[in-house]
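As a plain string of letters, each chain reads:
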Amino acid sequence: MLAFFYLNSFLTLLIGNMFTYAMIIYSRAVTGSDAVTGFVYAGNLLPPLILGMYAGTVIDRFTRKRVVMIAQTTFIYTGGAMVFLTLQKMFVVSDFMLIAVMLVNGVGLSFIIPGRMALLGDLFEKEHIPRESMKIQIMIMVGFGLAPFVVGFLRKYFEWHIVFAAIAILYAGATTLLIPLRTRPKPHHPAESAWHSLKAGLRYVRGQPLLISLLAATFVGLFLVGPLQVLLPEFSKAKLHLDEAERGALMTVLGVGLLIGGGLAQFLSHALPRGLMIILGAVASGVSMLLIPQFETATPVAVSLGASGIFGGLMSTLLPAAIQQGTVDHARGRVMSIYNIIFQTSVAVAAVGLSHLSKYTSPGFAFQAGGWFIVTGALACLLLKPLRELK
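Residues numbered from 1 in each chain as written. Predicted model: local features only at pLDDT ≥ 70, side-chain atom pairs only at ≥ 80, totals over all residues. Heavy atoms only, no water.

**Let's talk about the overall build of the protein**
A count of helices and strands for the protein gives 17 helices and zero strands. For 391 residues, the compact-globule estimate of 2.2 N^0.38 gives 21 Å, and the protein sits close to it at 20 Å. C-alpha atoms of the protein, sized along the principal axes, occupy 55 × 45 × 35 Å. Buried positions account for 58% of the 391 residues belonging to the protein. When contacts within the protein are restricted to residue pairs at least 6 apart in sequence, those whose partners lie at least 24 apart make up 87%. For the protein, the exposed area adds up to about 15400 Å²; of that, 72% sits on carbon and sulfur atoms. (Helix = DSSP H or I, 4+ residues; strand = E, 2+ residues; numbered from the N terminus. Rg over C-alpha atoms; globule rule 2.2 N^0.38 Å. Buried < 20%, exposed > 50% of the residue type's maximum accessible area, 1.4 Å probe, protein only. Contact = heavy atoms within 4.5 Å. Areas by Shrake-Rupley, 256 points an atom, 1.4 Å probe, with all protein chains shown as cover.)

As structure tokens, then:
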């Protein structure tokens with residue numbers, strides 16, 4: 001039965017990243033603006049910031065499998081909406097329509113991301129959850145890196161409505177894989193108000209210095225995702241002169257690096273201090289990002305992307321696993337929702353802020369600004385004693 005969970009997780013993570021990447025490329029093609037593309041991408045991130053804590057209370061109060069399945073249907077609706085928008089000839093597709101689609105998609109993500117992580121508590125014993133969390137993170141990174149290649153391949157041979165139709169149909173099929181999954185029964189507290197549950201979750205996190213330190217490191221380290229999602233496609237087109245398939249292949253190099261970094265995290269997590277690995281991984285990924293705009297050809301950019309992926313994968317695999325290990329099961333949904341809020345806030349700030357900076361300067365300068373933020377923030381994390389001493 002666990003095979004259904006892993007297959008659902010891998011496919012929905014891959015297809016979800018395909019949708020996000022396709023929306024970025026399509027919105028850039030339609031609007032011609034990095035700033036608008038940043039807003040479209042941020043539309044995917046805004047709902048988790050608003051609904052995140054409420055989503056955590058829902059995940060902890062009701063059947064987690066059911067919550068995840070209902071939330072996953074969102075991608076079917078948004079994929080169908082994009083099929084309609086790309087097929088119709090009645091009106092011009094505006095940036096507001098694209099942002100609206102991403103906002104609806106983000107509502108589903110508010111529940112999917114923390115729900116999937118919390119569902120681990122219904123499937124595994126507590127001592128096994130960090131290991132399984134690392135597996136999920138590796139799937140996330142594989143999906144992140146592989147999705148641009150798949151979208152680029154599909155776009156090379158098919159029109160946009162076919163690409164979005166394939167995404168919606170595949171996501172619907174992947175969602176059905178959760179139907180036969182059996183979870184362990186757990187106590188429910190439906191009589192508890194959402195507000196009371198929310199306050200209890202915040203009190204729990206506030207009383208855990210290590211969790212606070214890990215969440216701070218999450219904001220700094222995962223800032224990396226924003227510029228790679230929003231700036232890299234246009235940078236590789238304008239400066240490296242790559243077509244859609246070649247840009248997808250370049251992003252796949254990042255995915256391979258992320259996969260290697262995730263594997264290293266599993267291998268090294270019991271051999272080296274995890275706190276220092278998280279900090280050094282963030283520093284190294286920031287330095288790698290600083291190097292990207294220095295090159296004029298695809299090969300050295302690919303090498304820098306691969307290095308950024310390795311160090312970023314190492315860091316981003318260790319972070320949620322450590323958070324999961326330090327969390328009790330009855331609060332897991334709320335804690336992972338807070339993690340998701342921090343993650344999405346970081347990515348949204350990076351996407352909107354750096355895309356606007358790129359508009360008034362250049363993508364290369366915006367890349368460097370993001371890299372320096374990560375390096376400086378990661379070094380500042382050395383001041384966080386619980387993180388520094390995490391074994």
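**Some points on a nonpolar patch on the surface**
A cluster of nonpolar side chains, namely Phe153, Tyr157, Phe158 and Ile162, defines an oily patch on the protein surface of about 410 Å² accessible area. Positionally, Phe158 belongs in the loop between helix H7 (129-157) and helix H8 (160-175). On the basis of relative accessibility, which here comes to 39%, the residue Phe158 falls in the partly exposed class. (Patch = residues over 30% accessible without salt bridge, like charges linked within 9 Å, V, L, I, M, F, W, Y side chains within 5 Å. Salt bridge = Lys/Arg side-chain N within 4 Å of Asp/Glu carboxyl O.)

**What to know about the packing of helix H6 (residues 95-123) against helix H15 (residues 332-360)**
Any two packed helices are characterised by how steeply their axes cross, that is the angle between the axes, and by the distance between the axes. As a packed pair, H6 and H15 sit with axes 8 Å apart at the nearest point and diverge in direction by 135°. As summarised for this structure, H6 and H15 are arranged oblique, according to the angle between their axes. Considering how the two elements wind past one another, H6 and H15 form a crossing that is right-handed. Across the interface between the two elements, Leu109, Ser110, Ile113, Pro114, Met117, Ala118 and Gly121 from H6 touch Arg332, Gly333, Met336, Ser337, Asn340 and Gln344 from H15. Tallied by class, residues from the contact of H6 with H15 come to six nonpolar, six polar and one charged. (Axes fitted to C-alpha atoms, helices over the stretch in contact; angles between N-to-C directions. Parallel < 35°, antiparallel > 145°, perpendicular 65-115°, else oblique. Left-handed = near helix turned anticlockwise from the far one by under 90°. Nonpolar A, V, L, I, M, F, W, Y, C, P; charged D, E, K, R; others polar.)

Any functional reading would require information beyond the geometric quantities listed.
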